[in-house]
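# Analysis of the macromolecular model
Chain by chain, the residues:
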Amino acid sequence: MRKITISLLTAAAALTVSATSHAADKVLTVYTYESFTAEWGPGPKVKEAFEKSCGCEVNFVGVEDGVALLNRLKLEGEETKADIVLGLDTGLIADAKATGLFAPADVDTSAVSVPGGFSDEVFVPYDYGHFAVVYDTEAMQNPPKSMQELVDGDASQKIVIEDPRTSTPGLGLLLWVKSIYGDKAGEAWSKLKDRVLTVTPGWSEAYGMFTNGEAPMVLSYTTSPAYHMIAEDTDRYQAASFSEGHYIQIEVAGRTKTSENPELAKRFLSFMVSPAFQDIIPETNWMFPAAKTSAPLADAFDKLVHPENTFLMSAEEVSANRKAWVDEWLAAMGTR
């Protein structure tokens, strides 16, 4: 009996090891932006938390920024290795759907709550924030109090912005200016270009130049000062409150129809709206969580600019006009 028992236990152990090994062989490939995958970003903690329960390996593939994600996906087409694309926003989802590369999410998103509401059968929100001009209080005593003051202000006080062709913050600024100026957006850009120190491909490079002191202003988020308050214990960097209002970004993720692990991809999207994921977002991605967290946010988030007026265009409007508006920006900025 002892011999049989030992043999059975050995066989069971072998099966367990085999099953675990087989599960661990599954790799979930997530395309996202560079700041998400950075050592200080949410990526490492998200990877650790999901791998504890999935019996898989999470492989992050980073590109410069959100628009670059969509551009890469279009280039790869059905040959893409992505199971999940994380880092698009509501301004890009119509174009993303038009690729035919995304499958319905098939997950419960009842826990999601974002300003203005958001519901989509394909894309699942994971965080949100308002775009803002963040300034260095030690280099700038009188920050702009409106988009008009930014456009018409002292050209010697520079700002670093991101490219709308590769970056979702860059696209966000484009839509923000269009929301305020409408048909006169081109004129506004022609004035603003004298204040622009440079245009970067993505947010990380722009914010790095700003914190290195190369410009007193940068296009970022109302939530960015929370990082400096919490991680660096300083109020030096602040977001300017614009009287016209601020454009909101709702970041989303979706699963590809070409994924070799569709059930695993669904599990990741479900995990994304759970407290286990959402708890990570505020103090690593420095945005507001899109769903419930297990504990209240840090007090620093109460000290941020909370816009009274929010701009947000429909995905369809952005899709129909994005190329023309980018061309308008290029012509006004003299960028090719």
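A brief structural summary. (Residues numbered from 1 in each chain as written. Predicted model: local features only at pLDDT ≥ 70, side-chain atom pairs only at ≥ 80, totals over all residues. Heavy atoms only, no water.)

On a plain count of helices and strands, the protein comes out with 13 helices and 12 strands. The C-alpha radius of gyration of the protein comes to 22 Å, within 12% of the 20 Å expected for a compact globule of 336 residues. Counting only C-alpha atoms, the protein reaches 90 × 45 × 35 Å along its principal axes. Split into buried and exposed, the 336 residues of the protein put 53% on the buried side. Carbon and sulfur atoms form 49% of the exposed surface of the protein, whose accessible area is close to 15100 Å². Distance from the positive charge centre (28 side chains) to the negative charge centre (47 side chains) of the protein: 5 Å. (Helix = DSSP H or I, 4+ residues; strand = E, 2+ residues; numbered from the N terminus. Rg over C-alpha atoms; globule rule 2.2 N^0.38 Å. Buried < 20%, exposed > 50% of the residue type's maximum accessible area, 1.4 Å probe, protein only. Areas by Shrake-Rupley, 256 points an atom, 1.4 Å probe, with all protein chains shown as cover. Lys, Arg positive; Asp, Glu negative; His and termini not counted. Charge placed at Lys NZ, Arg CZ, Asp CG, Glu CD.)

It is worth spelling out the environment of Glu162 at this point. For Glu162, the location among the structural elements is in strand 6 (residues 159–162). A relative accessible area of 1% means that Glu162 is categorised as buried. Setting aside its immediate chain neighbours within four residues, Glu162 contacts Ser167, Pro169, Gly170, Val199, Thr200, Gly202, Trp203, Ala206 and Leu219. (Contact = heavy atoms within 4.5 Å.)

This part covers the pairing of strand 1 (residues 27–33). Of all seven residues in strand 1, six are buried, a share of seventy percent or more. Looking at chain direction, strand 1 and strand 2 (residues 57–63) are connected through seven bridges and run parallel. Following the sheet pairing, Tyr31 is matched in strand 2 by Val61. Pairing between strand 1 and strand 3 (residues 84–89): two bridges, direction parallel. For Val30, the partnering residue across the bridge sits in strand 3 and is Ile84. (Pairing = 2+ DSSP bridges.)

The next thing to look at is helix 9 (residues 203–211). Within helix 9 the residues assigned to the buried category are Trp203, Ala206, Tyr207, Met209 and Phe210. Along the long axis of helix 9, the arc covered by the buried residues comes to 155°, so they all point the same way. Looking one or two residues past helix 9, Gly213 carries a phi angle of roughly 85°, positive in sign. (Arc of directions from axis to C-beta.)

So, on to the pattern of salt bridges. A pair can form between side chains of opposite charge whenever their charged atoms are brought close. Scanning the entire structure with this criterion turns up 14 salt bridges. The shortest N-O distance in the salt bridge between Lys191 and Asp152 comes to 3.6 Å. With Lys191 in helix 8 (residues 185–192) and Asp152 in helix 6 (residues 147–152), the pair connects residues that are 39 residues apart, well separated along the chain. Residue classification places Asp152 among the partly exposed positions, given a relative accessible area of 43%. Where salt bridges share partners, they join Asp106, Arg255, Glu263 and Lys266 into one cluster. (Salt bridge = Lys/Arg side-chain N within 4 Å of Asp/Glu carboxyl O.)

Further remarks concern the environment of Trp329. Among the structural elements, Trp329 can be located in helix 13 (residues 315–333). As for Trp329 and Pro164, which are separated by 165 residues in sequence, their C-alpha atoms are 8.9 Å apart.

What follows is about unusual backbone geometry. Its identity as a non-glycine residue notwithstanding, Asp233 has a phi of 55°, on the positive side. Relative to the assigned elements, Asp233 resides in the loop between helix 10 (224–231) and strand 9 (237–239). Overall, Asp233 belongs to the exposed group, its relative accessible area being 70%. Positive phi, normally seen in glycine, also occurs at Trp286, with a value near 55°. Locating Trp286 in the fold gives a position in the loop between helix 12 (275–278) and strand 11 (288–289).

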